[in-house]
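Residues per chain, in single letters:
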Amino acid sequence: MKKYMPTEIESKWQKKWMDNGTFASDLTGDNKYYVLAEFPYPSGDLHMGHWFTWGGADIFARFKRMQGYNVFFPIGFDAFGLPAENAAIKRNIHPQDWTRANIFKMKEQFLTMGPSFSFDHEVITCEPEYYRWNQWIFLKMLERGIAYRGKSLANWCPSCQTVLANEGVENGKCWRCGSEVIQKDVEQWFFRITDYADRLLWAVSSNLTLATSNLVDWPQSVREGQNSWIGKSEGMEINFKLVASGKSQGSSKNKPRLLTLDSSDSIIVYTSYPETIFGVTYLVLAPEHPIVQHLLSSQFTVNSSQLAQVRDYVDQAKKKSELERKTAEKNKTGVFTGLYVINPVNGEKVPVWIADYVLGGYGTGAVMGVPGSDHRDYAFAATYSLLIRRVIAPSANSSSQLEQLAQEPIGSVEDVLEEGVLVNSGEFTGLRTPDQARPAIADWLESQGFAKRSVQYHLHDWSISRQRYWGTPIPVIHCPDCGIVPVPEEQLPVELPYNVDYTPKGKSPLASNEEWHRVSCPKCGKPATRDADTMDTFVDSSWYFFRYLSPQYKQGPFDKKVASEIMPVDIYFGGAEHTLGHTMYSRFFTKFLKDIGWTDLEEYASRRINHGIVLGPDGNKMSKSKGNVVNPDDEVKKYGADAVRVYLAFFMPYDGTGPWISERVWGAFRFLDRVWGLQEKLSVISHQSSESLTADSEASLKAEDLFQMHRTIKRVTEEIEATKFNTAVAALMEWLNYLSKKNVTKEEFSTFLKLLSPIAPHITEELWQMVHSSQFTVHSKHKENLVSAVNPEPTIFKSIHTQPWPKFEQEYLTLPEIKIVIQVNGKPRDVLSINKDQESEEQLLELVKTSKAAKFLEAKEIKKTVYIPGKILSLVTD
RNA sequence: GCCGAAGUGAUGGAAUGGUAUACAUGAUAGUUUCAAAAACUAUUGAUCGCAAGGUCAUGAGGGUUCGAGUCCCUCCUUCGGCACCA
């Protein structure tokens, strides 16, 4: 027997599979199965995380293929984005050249995994053939008002010199470079994802065992995370009229006042606690609130020192970064405006303040201050000695007790209640909240015309403009006369010019290429300029899984007919970090594509699997700066690709997070080496045909042998299906331990190889071909003949990876001799073996008398027996 | 603060309410070797015991059950996400 030398056999089979087209995709057949993994960013090095993600996906794809599915398992590259640009600046390489070289290198590295990718459907997002359809989709969105241009405060990274989406801000810092993000007023393009907020919400099921929601099987954590990010809140907009004396007399003749308000001369607040309205003792505006601007431009009469204070405060607030504003959470600051409003429910005159704890971007940018029932309002009122009134009391037993509670002052934060019974609330006093009081007051406020019901979302529109070079150009032309003019569809793609100055200057690098930038207006023909921004790279990754189906397609983003057959994605492997970004944007795109008639799908992936993270040997996240990066190439050289694959599958659950421990990879190698050694234990090595061999070996297998084999088939099948690769490997190890102690039949050996083949594709192919050598040699000779004659590409090579997946037989899963656990008073005392056919409670009770359990029953009466056939006999004495 | 997931040997981790610690790594001893590595064999939760065997152990404390790592309640810790969203 030759020694197991992985490096010798692995490249051999990788080449063979390639040449033979073993894993080529066929999108025409029935019984499709679409396996998707998040396409990699071409950073230039395939790291362990790629092996982990794609290894798991490859196991699954191979498994499904052997189960007879027509598997589509494409790969591509998410090639636009900042790192390429940063590399360009740092190393003076053009982003395009850098990216192309990286893609080339990474493909080579991927091949060492022995993957079963459908390489013939590759998608690379920086190719004009791809991004022209980004532009096409953009224009469709523009047509429908889903894409729009707006000016607003945006997250701005001063280091990357670009706008960031909310999802790109982590703890107030840029997700790429870690610089502190500031707020900047910028004109930019948005996608109106908020229009889709309701459709993006996941149905929340109280039954947690029900894994599906919106008819697909996505992790609970993703569904909950997205829902809380969308942050749907149902409440009311309540109108508070400004007190007339606050108005400026002088300006009333000429200027129309407060044009931006829905209803003139009033402030509209948003609240989801309308039932606390009797507890309002002040109003608070965000510093960005429009009325603050009116105030500062002297449209109200307030004394000048007050005005100066307001001006100071608003200026200060502007200077605070997002981070400062969030970390200063506990210390509430604010300033009185001099204005008053009337509380519509009781006619009280209430002061209006400005405070930066109120956010300009949420609701109406104004809230009612209810210090008696809101912790933040309480803190604010306490700081500025504002009136605090109790409107919610703890539930009371009697009305007299309630009256007493109503008088209790609120002396500390602990007294601030959001639930209980309403007090000091006019006719609503005594109602329980939230269930009774909230709808009652809401109805009443609406009927009186004081307020209307309103739904608010935490989700913001998606800002997609980036002032960077390496991305999809926005297909729009700015004309001094016609304004924003979309680039006509037939002129797509708007190609990204090669020659630009991409060093960051706070404006878009594309504008530096005059020849590209200056065009004539498609409408009027006069000189105009192209939009010089590029799109967020999340746009690229929002629909790539559609493009995979028909990457060469020229009549649209993808071939609808193919999509109707192959979509949705059946299983999507990816990282938990994409819960709020990529996976939600993709869902949004899918819904939009449905609306314009390109797909019938509401959800693009039937099942989502979040993978874990492989840490460095020191237990920290692998990073160059920490020097704990394990390079898969090195590990493959040491142990072989199969051992690395087995280790990755085995060392922790697929969704876990744990360190790479090299000495344990050796354990995976040892396992494969023992599998290799199994060939020596083959009891029947003959020249007979495989069919008669099967019959022979079946006959010689004992009940225990069959039990072990079928049990393993069952376990491996179910565990791969559930993406529990670690226990699938453990099941194979257990069977190997059993097989190592006996002679092995060809049947057992072949079955073992098939079950292991998705995880360790090379060694299993080698051993398979060795065992089925007669078949193989005949065919190889045959092949040479065929090649020289008619058919240049005969496909007679029968790979193990196209063999049918083993099926287990229920009848072998129980042994004739079964084991029954005997418990006395809940403690296991003995295990009895009994013939399956003879098992009965009476028989067992008889056997118990002579068992180890007997002494625990001496001189005791059995008061109760619980008998679960095939499992346990539980005896209870006094 | 809110939401979610999880706490099991020295370590990674297994366990449809039914013999907790499968499988692997490490460790100890032995075989082999001039020696080491590798390989192979045995042992390996704690504790009492010469042994047979017993007792105790799944973050802590209660509960349901013949029986709980698993279900329920309270608490602690860790990780992840969100966070002044009114």
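Residues numbered from 1 in each chain as written. Chains lettered and ligands numbered in written order. Predicted model: local features only at pLDDT ≥ 70, side-chain atom pairs only at ≥ 80, totals over all residues. Heavy atoms only, no water.

- For chain A, the name recorded in an unreviewed UniProt entry is Leucine--tRNA ligase.
- In the Catalytic activity (unreviewed entry) part of its UniProt record, chain A is described as follows: "tRNA(Leu) + L-leucine + ATP = L-leucyl-tRNA(Leu) + AMP + diphosphate". (UniProt positions renumbered as here; feature names shortened; annotations may be inferred.)

1. A look at the overall build of chain A
Here is step 1 of the chain: The secondary structure content of chain A amounts to 28 helices and 36 strands.
Here is step 2 of the chain: Each principal axis of the C-alpha atoms in chain A carries an extent, and together these give about 110 × 95 × 50 Å.
Here is step 3 of the chain: Expressed as a percentage of the 878 residues in chain A, the buried residues total 53%.
Here is step 4 of the chain: Residue pairs in contact within chain A that sit at least 24 positions apart in sequence constitute 74% of those at least 6 positions apart.
Here is step 5 of the chain: Counting every atom, chain A has about 39,700 Å² of accessible surface; 51% of that belongs to carbon and sulfur. (Helix = DSSP H or I, 4+ residues; strand = E, 2+ residues; numbered from the N terminus. Buried < 20%, exposed > 50% of the residue type's maximum accessible area, 1.4 Å probe, protein only. Contact = heavy atoms within 4.5 Å. Areas by Shrake-Rupley, 256 points an atom, 1.4 Å probe, with all protein chains shown as cover.)

2. Things to note about unusual backbone geometry
Here is step 1 of the chain: That bond from Thr433 to Pro434 is cis: its omega, 10°, falls within 30 degrees of zero.
Here is step 2 of the chain: Note that Pro434 resides in the loop between β20 (432–433) and α13 (437–448).
Here is step 3 of the chain: The linkage connecting Met567 with the following residue, Pro568, adopts the cis geometry, with an omega of 0°.
Here is step 4 of the chain: Unusually for a residue other than glycine, Asn92 sits at a positive phi of about 60°.
Here is step 5 of the chain: The phi angle at Ser385 is positive, at roughly 50°, despite the residue not being glycine.

3. Section: the packing of aromatic side chains
Here is step 1 of the chain: For the structure shown, the criterion picks out 64 aromatic pairs.
Here is step 2 of the chain: Judged by centre distance (5.2 Å) and plane angle (75°), the ring pair of Phe138 and Trp189 falls under edge-to-face. Of this pair, Phe138 sits in helix α5 (residues 128–143) while Trp189 sits in strand β9 (residues 182–191), and the two are 51 residues apart along the sequence. For the pair Phe138 and Trp189, one class covers both residues: buried.
Here is step 3 of the chain: The ring of Tyr273 has Arg438 lying over it, and the distance from NZ or CZ to the ring centre is 5.0 Å. (Phe/Tyr/Trp six-rings, centres within 6.5 Å; stacked < 30°, edge-to-face > 60°. Lys NZ or Arg CZ within 6 Å of the ring centre and 35° of its normal.)

4. As for the UniProt feature "binding site: ATP" (unreviewed entry) in chain A
Here is step 1 of the chain: The sites that carry the UniProt feature "binding site: ATP" (unreviewed entry) are, in the present numbering, Lys624.
Here is step 2 of the chain: In this structure Lys624 comes out as exposed when scored by relative accessible area, which is 77%.

5. Focus on the sheet that holds strand β30 (residues 608–611)
Here is step 1 of the chain: Read from one edge of the open sheet, four strands run β2-β1-β29-β30, paired in parallel fashion. Each edge of the sheet is formed by a strand with only one pairing partner; in this case those strands are β2 (70–72) and β30. Recorded for the sheet is a direction-independent mean angle of 20° between the axes of neighbouring strands.
Here is step 2 of the chain: With four bridges joining them, strand β29 (residues 571–575) and β30 adopt parallel strand pairing. (Pairing = 2+ DSSP bridges. Axes fitted to C-alpha atoms, helices over the stretch in contact; angles between N-to-C directions.)

6. Some words on empty space enclosed by the protein
Here is step 1 of the chain: Per the stated rule, a full pass over the model turns up three cavities of 30 Å³ or more.
Here is step 2 of the chain: Here the largest cavity is characterised by a volume of approximately 230 Å³.
Here is step 3 of the chain: In terms of lining residues, the largest cavity is bounded by 18 residues, among which Leu82, Trp175, Arg466, Asp536 and Thr537 are the most central.
Here is step 4 of the chain: Broken down by secondary-structure element, the contributors of at least two residues to the lining of the largest cavity are α3 (82–91), β6 (162–164), β28 (534–535) and α15 (537–540).
Here is step 5 of the chain: Here the lining of the largest cavity is composed, by residue class, of seven nonpolar, six polar and five charged.
Here is step 6 of the chain: Both domains that furnish three or more residues to the lining of the largest cavity are identified here as domain 1 (6–132 + 539–633) and domain 2 (146–199 + 476–537).
Here is step 7 of the chain: Taken as a whole, the second largest cavity encloses approximately 90 Å³ of empty space.
Here is step 8 of the chain: Considering the residues around the second largest cavity, the lining is formed by Trp51, Phe52, Gly55, Gly56, Ile59, Met113, Arg645, Leu648, Ala649, Tyr654, Phe725 and Ile759. (1 Å grid on protein atoms, 1.4 Å probe; cavity = no way out; pocket = protein on both sides within 12 Å on 5 of 7 lines; lining within 4 Å. Points joined across faces, edges and corners; volume = space filled by probe spheres on them. Nonpolar A, V, L, I, M, F, W, Y, C, P; charged D, E, K, R; others polar. Domains from an automatic or database assignment.)

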